[in-house]
Amino acid sequence: MSSTNLETPNTETDQDAYLDELPDEVEMSLFDHLEELRMRIFYALIAVAVGAIGCFIFVKPIVQLLEVPAQGVKFLQLAPGEFFFVSIKVAGYTGILVSSPFILYQIIQFVLPGLTRRERRLLGPVVFGSSILFFAGLGFAYIALIPAALNFFINYGGDVVEQAWSIDRYFEFVLLLMFSTGLAFQIPIIQLILGFLGIVSAKQMLAGWRLVVLGAVVMGAVLTPSTDPLTQSLLAGAVLGLYFSGIGLVKLIGK
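What counts as what
- Residue indices follow the written sequence of each chain, beginning from 1 at its first position.
- In keeping with the model being predicted, local features are shown solely for residues with a pLDDT of at least 70 and side-chain atom pairs are shown and tallied solely at 80 or more, while totals for entire chains, interfaces and linings include all residues.
- Neither water nor hydrogens contribute to the side-chain values; these are computed over all heavy atoms in the structure.
- UniProt positions are given in the numbering used here, feature names are shortened, and annotations may be inferred rather than shown by experiment.
- Two rings from Phe, Tyr or Trp (for Trp, the six-membered ring) form a pair when their centres sit within 6.5 Å of each other. Planes less than 30 degrees apart are called stacked, planes more than 60 degrees apart edge-to-face, and all others tilted.
- Here's how the labels work: a residue is buried when its accessible area is under 20% of the maximum for its type, exposed when over 50%, partly exposed in between, all with a 1.4 Å probe on protein chains only.
- Buriedness for pockets is judged along seven lines, at least five of which must meet protein on both sides within 12 Å for an open set on the 1 Å grid over protein atoms alone, while cavities are sets there where a 1.4 Å probe fits but cannot get out, and lining residues have an atom within 4 Å of a point.
- Grid points are joined across faces, edges and corners, and a volume is the space filled by probe spheres set on the points.
- Think of it this way: any DSSP run of H or I at least four residues long counts as a helix, any run of E at least two long counts as a strand, and we number them from the N terminus.
- Three classes are used: nonpolar for Ala, Val, Leu, Ile, Met, Phe, Trp, Tyr, Cys and Pro, charged for Asp, Glu, Lys and Arg, and polar for all others, with Gly counted as polar.
- Residues belong to one nonpolar core when they are buried, are Ala, Val, Leu, Ile, Met, Phe, Trp, Tyr or Cys, and are joined through side-chain atoms within 4.5 Å.
- Between two residues, a contact is recorded if the distance between any of their heavy atoms is within 4.5 Å.
- Salt bridge, as used here, is a side-chain nitrogen of Lys or Arg placed within 4 Å of a carboxyl oxygen of Asp or Glu.

Looking at an unreviewed UniProt entry, one finds the chain named Sec-independent protein translocase protein TatC, with Stanieria cyanosphaera as its source organism. Within the UniProt record for the chain, the comment given under Subunit (unreviewed entry) is "Forms a complex with TatA." Recorded under Sequence similarities (unreviewed entry), the UniProt text for the chain is reproduced unchanged: "Belongs to the TatC family."

Help me out: how do you make sense of the packing of aromatic side chains in this one?
The geometry of an aromatic ring pair is captured by the separation of the ring centres together with the interplanar angle, meaning the angle of the planes. Going through the model one piece at a time under the given rule, you end up with 13 aromatic pairs. Pairing Phe84 with Phe85 gives two aromatic rings, centres 5.5 Å apart and planes at 75°, and the pair type is edge-to-face. Judged by relative accessible area, which is 45%, Phe84 ranks as partly exposed. Of the residues examined, Phe85 reaches a relative accessible area of 54% and is grouped as exposed. An aromatic cluster is present here, built from Phe75, Trp165, Tyr170 and Phe171 joined pairwise through their rings.

Got a minute to help me understand the layout of surface pockets in this structure?
With a probe scaled to a water molecule rolled over the atoms, the places where space remains empty come into view. When its volume is computed, the largest pocket comes out at roughly 320 Å³. Along its surface, the largest pocket is lined by 13 residues, and Ser100, Leu104, Ser130, Ser131 and Phe134 are the ones closest to its centre. Counting residues per element, the lining of the largest pocket draws most heavily on helix α5 (residues 82-111), which supplies six residues. Put simply, the second largest pocket is a space of about 240 Å³. Lining the second largest pocket, in full, are Ile62, Leu65, Leu66, Tyr93, Thr94, Leu97, Leu138, Gly139, Tyr142, Leu175, Met178 and Phe179. Across the lining of the second largest pocket, the residue classes break down as 10 nonpolar, two polar and no charged.

Help me understand the nonpolar core, please; the structure alone is not making it clear to me.
For soluble globular proteins, nonpolar side chains are generally found buried alongside one another. In this structure, Val90, Trp165, Tyr170 and Phe171 are the most contacted members of the largest nonpolar core, which totals 38 residues. Secondary-structure elements contributing two or more residues to this core are α4 (59-67), α5, α6 (117-157), α7 (167-184), α9 (202-207), α10 (209-223) and α11 (229-252). It is α7 that provides the largest number of residues to this core, a total of 10 residues. Those residues within four positions of Val90 in sequence are excluded, and the remaining contacts are Val59, Ile62, Val63, Leu66, Phe171 and Leu175. By size, the runner-up hydrophobic cluster in this structure holds eight residues, among which are Leu122, Leu133, Leu192 and Ala238.

Looking at this structure, how should I read the pattern of salt bridges?
Opposite charge on two side chains makes pairing possible when the charged atoms of those side chains draw close. Evaluated as defined, the whole model comprises three salt bridges. With a closest N to O distance of 2.8 Å, Glu35 and Arg38 form a salt bridge. Taken together, the residues span about one helical turn, with Glu35 and Arg38 both in helix α3 (residues 30-57) at a distance of three residues. Of the charged contacts in the structure, one is a salt bridge between Arg40 and Glu36, with a shortest N-O distance of 3.5 Å. With Arg40 and Glu36 both in helix α3 and four residues apart, the pair spans about one turn of that helix.

In structure tokens:
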């Protein structure tokens, strides 16, 4: 009778026990875990390499797309082969972006056997939400942060110096800002996980809003490659909006 209850739980206690089980519990040694991790990392690196090579073939249109926020500023190649190495850098970042679904799949396959049924319920929304927020962060940086920062720099010295920038420095600025913003947009997902696991409640998150405001300002200063206050304020404002949205999500799931 008890095994039947575990398969089709009827009481609340049986339901909790059922959800806290590991459906695919398999005994593995530490060596087996490390070997599987090595293989997952190897597959992910192969995917990144293939993605980067594919993006390198079409790197010039990608470069032109990333130059759009510069509003027609003239770019200079200050050293032999500088644009070639910039192309490799752009193709590498874009290759990571293109291969990210496969990398995510490898991560899921590695951690899935160690998740209970209760934790697996959260896996789908977390993966989907994290992907959406990451690409939203990239879009926010491309549409709002980068043009605002570049406009500040162009207008600040426009009547004194001619705008001619190093192609390498420009793409270092753009790529770093886009990817750091994409990572910053993961804040609600982290909150959702912490709330679901019962580590931090929505009330506790809201109670620490003063520290969060300070942390958002610091994060805006650290993550933005530029030092202009406009870009830092935009990112800090976005981080605060995401944080309070995360509190709403935690409250919504009853945690």
